[in-house]
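The lines below spell out each chain.
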Amino acid sequence: MIDIVAVMQEISDMLDEIEGLNVYNWNTDNISSVPAAVVSLPQDIDYNNTYGGLADTARLEILVLVARNNMRAASKSLAEFISRGNPKSVYDNVDSKYVDYDSADIVTVTKAEPDIFRVSGVDYLGAAFTVNVTSSAGD
Amino acid sequence: MAFKHGKATVVTLNGVDYSAFADTTDFDDGVDTHETTTYGRNRKTYLAGLGDGKVSVGGMHSDSVNNPRSLFKPLMAAGTEVQFVYRPEGTGVGKPQSRVNVIVSSYKDSSPVGDVVKWTAELQMTGDLDETPQ
């Protein structure tokens, strides 16, 4: 059974390990400083994946934003977050292939989609990471 | 009269409730038929024979205690006849239940790169089928 609050908090805690990243574990529309990561509420949750309703899956998004005033610097900055094998890699810091979770059985970062994102009237270069989470009743 | 959702299903094998790891059960029960058509008939006739059936089950792989792989595979390897219990409406007095001895005839793991590890198994019914309600 999925505890979304606990899952979002654990993912935020993993992102907090990335040096210099300002992490929000709610759907904020007020970014005080970049680079920033916003862990949003799930886009959808599928309940009852096994009998008894004990296994749920959720799909949520992590939005990573960097300053856009200098596109060359912004691109290099964002590239560190969307790469793998990099200390700032979102994948390496979040995917359950590399980190253990208490609130979920499986956390899979499936893709990153770079784009320009507007938050409270300000344009940022960023990437939306899709994260699939599977939680069961445990042992 | 009300329809029932499959999410409430309870399934056990050899007394072990593995419902938490299961998401599909096909309880396929049938009876042999033997043709008795003779001259002068316009349609075929049949005689009912022996009953038989198979159960197809499946779900998600887990490393938890009593996970399906650790439950099904040893039984299959040993060829042991064990009881399978299927409760399509869950557990409760008066609710439907099917109980039959089975032999685990196959077990399959599937590991897609983009999805959870899944398992399926086939159970061959052997002997009498008891469908007395709970």
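See the structure printed just above.
Residues numbered from 1 in each chain as written. Chains lettered and ligands numbered in written order. Predicted model: local features only at pLDDT ≥ 70, side-chain atom pairs only at ≥ 80, totals over all residues. Heavy atoms only, no water.

**Re the overall build of chain B**
Line of reasoning, step 1. From N to C terminus, chain B includes 1 helix and 7 strands.
Line of reasoning, step 2. The linear arrangement of helices and strands in chain B, starting from the amino end, is β-β-β-β-α-β-β-β.
Line of reasoning, step 3. The globule rule puts the C-alpha radius of gyration for 134 residues at 14 Å, and the 18 Å found for chain B is more than 25% above it.
Line of reasoning, step 4. The C-alpha extent of chain B, read off along each of the three principal axes, is 65 × 35 × 30 Å.
Line of reasoning, step 5. Buried residues in chain B amount to 32% of all 134 residues. (Helix = DSSP H or I, 4+ residues; strand = E, 2+ residues; numbered from the N terminus. Rg over C-alpha atoms; globule rule 2.2 N^0.38 Å. Buried < 20%, exposed > 50% of the residue type's maximum accessible area, 1.4 Å probe, protein only.)

**As for the side chain of Glu10(A)**
Residues and elements named next belong to chain A.
Line of reasoning, step 1. Topologically, Glu10 is positioned in helix 1 (residues 4-16).
Line of reasoning, step 2. Despite its burial, Glu10 pairs with no opposite charge; the closest candidate is Lys97, at 19 Å N-O.
Line of reasoning, step 3. At 2.9 Å, the side chain of Glu10 and the backbone nitrogen of Asp102 are in polar contact.
Line of reasoning, step 4. In this structure, Glu10 is in contact with Asp100, Tyr101, Asp102, Ser103 and Ala104, ignoring residues within four places of it in sequence. (Lys, Arg positive; Asp, Glu negative; His and termini not counted. Salt bridge = Lys/Arg side-chain N within 4 Å of Asp/Glu carboxyl O. Polar contact = N/O pair within 3.5 Å; in protein donor to acceptor, adjacent residues only side chain to side chain. Contact = heavy atoms within 4.5 Å.)

**Focus: the interface of chain B and chain A**
Line of reasoning, step 1. Contact with chain B, which involves 15 residues of that partner, is made by 12 residues of chain A.
Line of reasoning, step 2. Taking both sides of the interface into account, the surface hidden between chain B and chain A amounts to around 1,000 Å²; carbon and sulfur atoms contribute 60%.
Line of reasoning, step 3. When the area that chain B buries against chain A is broken down by residue, the three leading residues are Lys7(B), Ala20(B) and Met60(B), summing to 44%.
Line of reasoning, step 4. Here chain B and chain A share 0 salt bridges between them.
Line of reasoning, step 5. Considering every element that reaches the side of chain B that touches chain A, the biggest residue donor is strand 3 (residues 22-35) of chain B, with 4 residues.
Line of reasoning, step 6. Classifying every residue of the side of chain B that touches chain A gives 7 nonpolar, 6 polar and 2 charged. (Buried area = accessible area lost by both parts, 1.4 Å probe. Nonpolar A, V, L, I, M, F, W, Y, C, P; charged D, E, K, R; others polar.)

Nothing here speaks to function; it is geometry throughout.
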